[in-house]
Amino acid sequence: MAKEKILILGAGLVGSLLSIFLAKKGFKVEVFEKRPDPRKNDVLGGRSINLALSDRGLLALEKAGVTRNLDQVMLPMHGRMIHQLDSQVHFQPYGKANQAINSVSRGLLNEYLIGEAEAAGASFRFEHKCERADIDNSVLSFSTGGKPKEYGGDIIIGADGAYSVLRASFLHSDRFNFMQDYLPHGYKELNIPAGKNGEFQIDPNALHIWPRGKFMLIALPNIDKSFTCTLFLPFEGESSFEALDSPEKVATFFSEVFPDTLPVIPNLIDQFFTNPTSSLVTIRCYPWSKKRSLLLGDASHAIVPFFGQGMNAGFEDCRLLDEIIDAEYPNWETVFQTFEKSRKPNTDAIAKLANDNFIEMRDKVADAGFIWQKKLEARIHEKYPDKWTPLYTMVTFSNMPYSKALEQGNRQESVMRKIREVYPMSTPPEAIDLEKIVGWLD
Ligand SMILES: Cc1cc2nc3c(=O)[nH]c(=O)nc-3n(C[C@H](O)[C@H](O)[C@H](O)COP(=O)(O)OP(=O)(O)OC[C@H]3O[C@@H](n4cnc5c(N)ncnc54)[C@H](O)[C@@H]3O)c2cc1C
């Protein structure tokens, strides 16, 4: 018997990876994407945009059998490079010497996954913007070139991002919960080009952070030796996008708060006023499935980017769904319910961790207490790896469920508070009785 026809909405990172898993299982997979084919069109308008790919994302890519050539599009970042206001820099490793997150081009990764999906048998319809999803009859409606078109399938999967059309159709059904929460901050991407000699202008082995309390700038390296910076700033208020309304104000602001970026961003003012300012949203909804339709990736759980986990979590969704299909197929109702029930606590956990990490990145990383605590944690982890693992390591360099990482992170955090009460920060981490501390966890 022929296997079902699965319609996937959205050929972004998650939709493309999912289409590989499903096509390899023998389903007839059709993917619909509103943008043109990125392999033939410059859909990002010439801008390089990158993201951090870490263990969860890498495991999913490996399980899908698509790690070939991946190292050609990614650059390892072994830690954070903190840029102080006085332009001094200091490096904080993310974990052990062999542990790194990887800066990868969003565009190249997406193109690569689409190519692999086609090779696996999935078909793509670009420039197909879905207007409506009929979840009772599993039909998607499009208006392509002004002409209405409909496509039917056996299963619909919405990987159509934070503003999902499939999710909008769920909103019209009974007993569907939905919440969206915008940060008061927005973001703007800026580019540090390669230097005159064609080389990186700042160290490419790190994720650079300019933490400034209520706002921050970060930069990740690209394989063309440029860096993509992201400025996170409140929309309104004293230091805000709204306040930076003239070239003079932008120049003054950067020279006051990010002075060491001025020599490496030659056309800052042009970029600042040309590149868009975008918002940051967290989406929570439940259930993720209705009849024979399922939401996946940002469509069901968009999060803020401060733990570098949105794509990684979406890729992990694909891997876990693939495993559940192996166990429960052809009972799609069980597949969907098992997936959403087991996954929801974990995506709620990473949503919380991502929000919390904004404060850590923009404020705490430059703090002497934070650095002391990180050193101490690394020592405890080295001596008692089964008892204590830094939260960052559990989230980024492991595949443990996010909810378990949050739970263990909370327990460690309360012990860390106790440590800070007992030991003054002048105590060298080497002088602290680790056995006693680990005992406080019980
Ligand atoms: C500034 C920033 C930095 C980030 N950094 C990281 C990071 O370092 N690491 C990380 O893991 N994650 C990061 N993320 C999160 C990551 O970008 C998302 O989690 C990821 O892109 C989600 O993939 P997706 O395929 O679910 O959704 P999307 O990437 O949004 O893809 C959805 C696709 O659906 C298409 N689509 C939408 N509506 C329709 C429609 N009606 N009809 C047809 N097609 C449609 C869109 O065109 C798009 O191609 C970051 C996010 C932001 C905003």
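This report concerns the structure included in the present document. (Residues numbered from 1 in each chain as written. Predicted model: local features only at pLDDT ≥ 70, side-chain atom pairs only at ≥ 80, totals over all residues. Heavy atoms only, no water.)

Within the largest apolar cluster, 64 residues are counted, with the highest numbers of intra-cluster contacts made by Leu17 and Phe315. Broken down by element, this core gets its largest block of residues, 8 residues, from helix α1 (residues 13-24). Core analysis: the next-biggest nonpolar cluster, separate from the first, contains 34 residues, Ala354, Phe358, Tyr392 and Leu406 among them. (Core = buried A, V, L, I, M, F, W, Y, C linked by side-chain atoms within 4.5 Å. Buried < 20%, exposed > 50% of the residue type's maximum accessible area, 1.4 Å probe, protein only. Helix = DSSP H or I, 4+ residues; strand = E, 2+ residues; numbered from the N terminus.)

We now examine the sheet that holds strand β14 (residues 206-211). Spatial strand order, β6-β5-β14-β15-β16-β13-β17: 7 strands in an open sheet with mixed pairing. Each end of this open sheet is capped by a strand with a single partner; those strands are β6 (89-93) and β17 (278-286). Here the average twist between neighbouring strands, direction ignored, is 30°. Where strand β13 (residues 177-192) meets strand β16 (residues 227-234), 8 bridges bridge the pair, whose relative direction is antiparallel. Across the sheet, the residue bridging to Leu190 is Cys229, located in β16. Along the sheet face, helix α9 (residues 332-362) touches β5 (79-83), β13, β14, β15 (216-221), β16 and β17 and points at about 150° away from the line of β17. (Pairing = 2+ DSSP bridges. Axes fitted to C-alpha atoms, helices over the stretch in contact; angles between N-to-C directions. Contact = heavy atoms within 4.5 Å.)

With that out of the way, let us pick up the site of the ligand. The full set close to the ligand counts 27 residues, and Glu33, Ala52, Arg106, Asp298 and Met311 are the nearest of them. Note that a nitrogen atom of the ligand is positioned 3.2 Å from one of the backbone N or O atoms of Gly308. A distance of 3.3 Å separates a nitrogen atom of the ligand from a polar atom in the backbone of Gly310. Protein contact buries 86% of the 990 Å² of open area that the ligand shows by itself. (Near = heavy atom within 4 Å. Polar contact = N/O pair within 3.5 Å; in protein donor to acceptor, adjacent residues only side chain to side chain. Areas by Shrake-Rupley, 256 points an atom, 1.4 Å probe, with all protein chains shown as cover.)

Bringing the environment of Ala378 into the picture now. As for its placement among the helices and strands, Ala378 is situated in helix α10 (residues 368-383). A C-alpha to C-alpha distance of 7.3 Å links Ala378 and Pro390, two positions 12 residues apart in sequence.

Right, let's get into the pairing of strand β1 (residues 5-9). For β1, the tally of buried residues reaches 4 of 5 residues, placing the bulk of the element in the interior. Crossover β1 to strand β2 (residues 28-32) through α1 is right-handed. In terms of strand pairing, β1 meets strand β12 (residues 155-158) through 4 bridges, oriented parallel. Bridge pairing links Ile6 to Ile155 in β12. (Right-handed = clockwise from strand over helix to strand, strands pointing away.)

So, about the environment of Leu61. Relative to the elements of secondary structure, Leu61 occurs in helix α2 (residues 55-63). Taking the C-alpha atoms as reference points, Leu61 and Phe315, 254 residues apart in sequence, are found 7.6 Å from one another. Among all residues touching Leu61, those that are not within four sequence positions of it are Leu17, Leu53, Val66, Thr67, Leu70, Leu113 and Phe315.

What follows covers the packing of aromatic side chains. With the rule as written, the count across this model stands at 26 aromatic pairs. Considering the side-chain rings of Phe200 and Phe227, the 5.6 Å spacing of their centres and the 70° angle between planes classify their relative orientation as edge-to-face. Here Phe227 lies in strand β16 and Phe200 lies in the loop between β13 and β14, a separation of 27 residues in the sequence. In this pair, the class of Phe200 matches that of Phe227, namely buried. Pairwise contacts between aromatic rings join Phe27, Tyr329, Trp332 and Phe336 into one cluster. (Phe/Tyr/Trp six-rings, centres within 6.5 Å; stacked < 30°, edge-to-face > 60°.)

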